[in-house]
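Examination of the molecular architecture
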Amino acid sequence: MPQQKNHSFDVIVVGSGASGGWACKRLAEAGLKVALLEAGRPQSDKNFTEHKPEFELEYRNKTTELIRKTRPIQVKFGVCNEYTYDWFVNDLEEPYTTPADKPFNWMGRLRMTGGRTNVWGRVSLRFSDWDFKSASQDGYGEDWPLSYKDIEPYYDLVEKYVGITGSAEGLEHLPDGQFQPPVPLTCQETLFRNRVKEKLGRIVMPTRSANLTKPLNGRGPCHFCGPCERGCVTHSYFNSAFTTVADALASGNCTLISNAMACKVLMDPERNRARGILYVERNTRQTREIHARAVILCAQSQESVRILLNSATPQYSNGLANSSGVLGHYLTAHVRSGGGSGEFPAFGAKPSLGGPVKPLGIYIARFRNLPNTPSYKKFLRGFGYEGESSTEFNWNAPGLGESYKKALLEPRASLDITGFGEVLPRWDNFVELDPHVKDVYGIPVLKIHMSDGENERAMIQDMGDSAGEMLEAAGAKNIRTYAHPSAPRWALHEAGMARMGVDPQKSVLNQFQQTHDMKNLFVMDASGFTSNPCQNPTLTIMALCVRSCDYLMSELKRNAI
Ligand SMILES: Cc1cc2nc3c(=O)[nH]c(=O)nc-3n(C[C@H](O)[C@H](O)[C@H](O)COP(=O)(O)OP(=O)(O)OC[C@H]3O[C@@H](n4cnc5c(N)ncnc54)[C@H](O)[C@@H]3O)c2cc1C
Ligand code: SF4
């Protein structure tokens, strides 16, 4: 079996997305030799098309059917479109399975440097002790093995580098951060914020988002062109490809190995140590080995857990680092199938096909089950909402000819909000290797078992009802709400499956995302989340990763791993 000709690496990082990018930057800039294995192709500004109009595309971006032929799952979310589809995994070449009665849409599977940060929604929110210690408060599940004060300096560090626009609101359960100036709200958003605060006491704020409003490290502020998911030549949103990974490579200490599909962690059973990674070169289908003193998996939660399950040895027969038996279990994601919309006055706003597009809107902070409030009877934990207003042409205007042209220009202003709710970690939401199916590289695929429980169903209903209540309080007209079960289950914020904990019998990782079983094996994506609070996960993924890298370096320094 060929081995990677290399210059003896200190650390191998698998995956170059939100977590892998930070791991490489932190370690390489500190002088460690890092090999970055990335299953996808290199990303470059040349691939970015945020300023390219649809009419310049061969199929005018109306090609859903064509994309569906190779990416039937990925195309279900609009960010996989004619501009971007070849950044995504080919679902036929790299499938997964589910039980017939538990359909699950595993979307946002990228195969480019930068991973999901190429196309992410950029909402960046801190967790608080209300999240890290939720089990102590309501008695469900396990507390995280760390507290807000442990991660707070790392939130600061990451936010200052990433560039998060936002407003300080002084909420205990949604801590403020190191914000760049907020993007102003539209008139409709302002009206909604003021009335919801006044009538219901709920907090609506400008979205806290990884879009620059001031220049940072050579990156320009956002100029409101709109489609961040197609890339950004001014590097105004955060994408690992042109930030953390670029910095790591610039340090001279990081080697990016693209098109490298990691399939197994290689073990030294006598010393109970990881010794490297076995991977498949996607273009040649050749397998290769690469070795280092420590291995960090950052391949996105399901993918990292798949690698561990596929690395079983006689000693760890049900998956590597799985002496607890917990690996693969407690898969969580967010429920987001409740929300609403309503119409507002236009306040002089004019619809435009080519005008500026604000790439972010509002966030409504969680208001159920909070510190110093009585617990809500219908469910545990809570949800927040993402939303935005828009002013459109009156496409459905009646009439023909002149009268239609006139009516068409009557602006239609509306505001939409979508709930994002916490899913309780449950043993029976889990992933395993499907013994009957392999991908084109010969790697067993995942079988994903996930469904909503009672708590999620009750929460979704409340997301719809409360959306209606707030829109009504704000004076919206033609209010529409929805609350439907989230099957087929889907989400872009998967977490858990290799959870952190103090007890090695009930968890896979310690608070530094180091496996309890092997000192030199780490998993630094969201696999380690002990629970999955309603705030979007990526800011916490990045802050935790930097904290864990600092621990890894201190352990390497004292030869403890
Ligand atoms: C459309 C969309 C919108 C989102 N919006 C938000 C949001 O608003 N806020 C938020 O907080 N989060 C959001 N997310 C989620 C966010 O993108 C992820 O939480 C984050 O990127 C996860 O980081 P990661 O490092 O775990 O994985 P990723 O960023 O996905 O990176 C994983 C990398 O590993 C590579 N890889 C996978 N398997 C292997 C393998 N076997 N060998 C080698 N490499 C491998 C992949 O190619 C990929 O490049 C969104 C996601 C999507 C898709
Ligand atoms: S809206 Fe802003 S961040 Fe998004 S692509 Fe345009 S300039 Fe970049």
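Structure report, in brief.

The rules behind each value
- Residues numbered from 1 in each chain as written.
- Chains lettered and ligands numbered in written order.
- Predicted model: local features only at pLDDT ≥ 70, side-chain atom pairs only at ≥ 80, totals over all residues.
- Heavy atoms only, no water.
- Helix = DSSP H or I, 4+ residues; strand = E, 2+ residues; numbered from the N terminus.
- Rg over C-alpha atoms; globule rule 2.2 N^0.38 Å.
- Buried < 20%, exposed > 50% of the residue type's maximum accessible area, 1.4 Å probe, protein only.
- Areas by Shrake-Rupley, 256 points an atom, 1.4 Å probe, with all protein chains shown as cover.
- Axes fitted to C-alpha atoms, helices over the stretch in contact; angles between N-to-C directions.
- Parallel < 35°, antiparallel > 145°, perpendicular 65-115°, else oblique.
- Contact = heavy atoms within 4.5 Å.
- Nonpolar A, V, L, I, M, F, W, Y, C, P; charged D, E, K, R; others polar.
- Near = heavy atom within 4 Å.
- Core = buried A, V, L, I, M, F, W, Y, C linked by side-chain atoms within 4.5 Å.
- Phe/Tyr/Trp six-rings, centres within 6.5 Å; stacked < 30°, edge-to-face > 60°.
- Lys NZ or Arg CZ within 6 Å of the ring centre and 35° of its normal.
- Expected span 1.5 Å × (residues − 1).
- Arc of directions from axis to C-beta.
- Salt bridge = Lys/Arg side-chain N within 4 Å of Asp/Glu carboxyl O.

Turning our eyes to something else, we now look at the overall build of the protein chain. When helices and strands are tallied, the protein chain shows 11 helices and 20 strands. By the compact-globule yardstick of 24 Å for 561 residues, the protein chain fits well, its C-alpha radius of gyration being 23 Å. Taken over the C-alpha atoms alone, the protein chain extends approximately 80 × 55 × 50 Å along its principal axes. Within the protein chain, the proportion of its 561 residues that are buried is 60%. With an accessible surface of roughly 22300 Å², the protein chain has 51% of that area assigned to carbon and sulfur atoms.

Let us now look at the packing of helix α1 (residues 18-29) against helix α5 (residues 148-162). Working note: a packed helix pair is described by the angle between its axes plus the distance between those axes. α5 packs onto α1 with a crossing angle of 100 degrees between their chain directions and a minimal axis gap of 13 Å. Accordingly, the angle class assigned to the pair α1 and α5 is roughly perpendicular. Where α1 approaches α5, its residues W22, K25 and R26 are matched on the opposing element by L157, V158, Y161 and V162. The class makeup of the residues in the contact of α1 with α5 is five nonpolar, no polar and two charged.

This part covers the site of ligand 2. Every residue close to ligand 2 is listed here: E50, N211, C222, H223, C225, G226, C228, G231, C232, S236, Y237 and P359. Among the residues forming the shell around ligand 2, the class breakdown is six nonpolar, five polar and one charged.

Turning next to the nonpolar core. Counting 136 residues, the largest nonpolar core has F192, I277, I296 and L552 as its most contacted members. At 12 residues, helix α11 (residues 538-557) tops the list of elements feeding residues into this core. One finds L171, L174, I203 and C534 within the second-largest nonpolar core, a separate group that totals nine residues.

Okay, the environment of M524 next. Considering the arrangement of structural elements, one finds M524 in the loop between β20 (521-523) and α11. In sequence terms M524 and Q514 are 10 residues apart; their C-alpha atoms lie 8.3 Å from each other. Ignoring sequence-local partners within four residues, the contact set of M524 consists of S19, I296, L297, C298, Q513, I541, C545, S548, C549 and L552.

What follows is about the packing of aromatic side chains. Per the stated rule, a full pass over the model turns up 21 aromatic pairs. The interplanar angle of 65 degrees and the centroid separation of 6.2 Å between the aromatic rings of F48 and W87 together place this pair among those described as edge-to-face. With F48 in the loop between β2 (34-37) and α2 (64-68) and W87 in the loop between α2 and β3 (104-106), this pair connects stretches of sequence that are 39 residues apart. For W87, a relative accessible area of 2% corresponds to the buried category. When the ring of F512 is compared with that of Y551, the centres are 4.0 Å apart and the planes differ by 5 degrees; the resulting orientation is stacked. Of this pair, F512 sits in the loop between β19 (489-491) and β20 while Y551 sits in helix α11, placing them 39 residues apart in sequence. Residue class for Y551 comes out buried when judged on its relative accessible area of 18%. One aromatic cluster in this structure is built from F367, Y376, F379, F383 and Y385. When the ring centre of W106 is taken as reference, the NZ or CZ atom of R109 above it lies at 3.9 Å. The ring of Y330 carries the charged tip of R499 above its face, separated from the ring centre by 3.9 Å.

This part takes up helix α6 (residues 187-200). Since the α-helix packs 3.6 residues into each turn, any two residues three or four apart lie on the same face. Given a rise of 1.5 Å per residue, 14 residues ought to cover 20 Å, and the 19 Å separating the end C-alpha atoms of α6 matches this to within 8%. Buried within α6 are the following residues: Q188, E189, L191, F192 and V196. End-on, the buried residues of α6 take up no more than an arc of 160 degrees, which puts them together on one face. Residues of α6 that are buried in the fold lie against β6 (204-206), β12 (338-344), β13 (362-364), β14 (383-392), β15 (412-422) and α10 (454-473).

Another point: the pattern of salt bridges. Applying the stated criterion to the full structure yields 32 salt bridges. Among the ionic pairs, D156 bridges to R126, the shortest N-O distance being 2.6 Å. Linking D156 in helix α5 with R126 in the loop between β3 and α3 (129-132), this pair joins segments that are 30 residues apart in sequence. Of the charged contacts, one joins E402 and K405 as a salt bridge, the two residues approaching to 4.0 Å between their closest N and O atoms. Separated by three residues within a single helix, E402 and K405 lie in helix α9 (residues 401-408), roughly one turn from each other. With a relative accessible area of 53%, K405 lands in the exposed category. Members of the salt-bridge network, linked through shared partners, are E94, R109, R111, R282, E303, R306 and D439.

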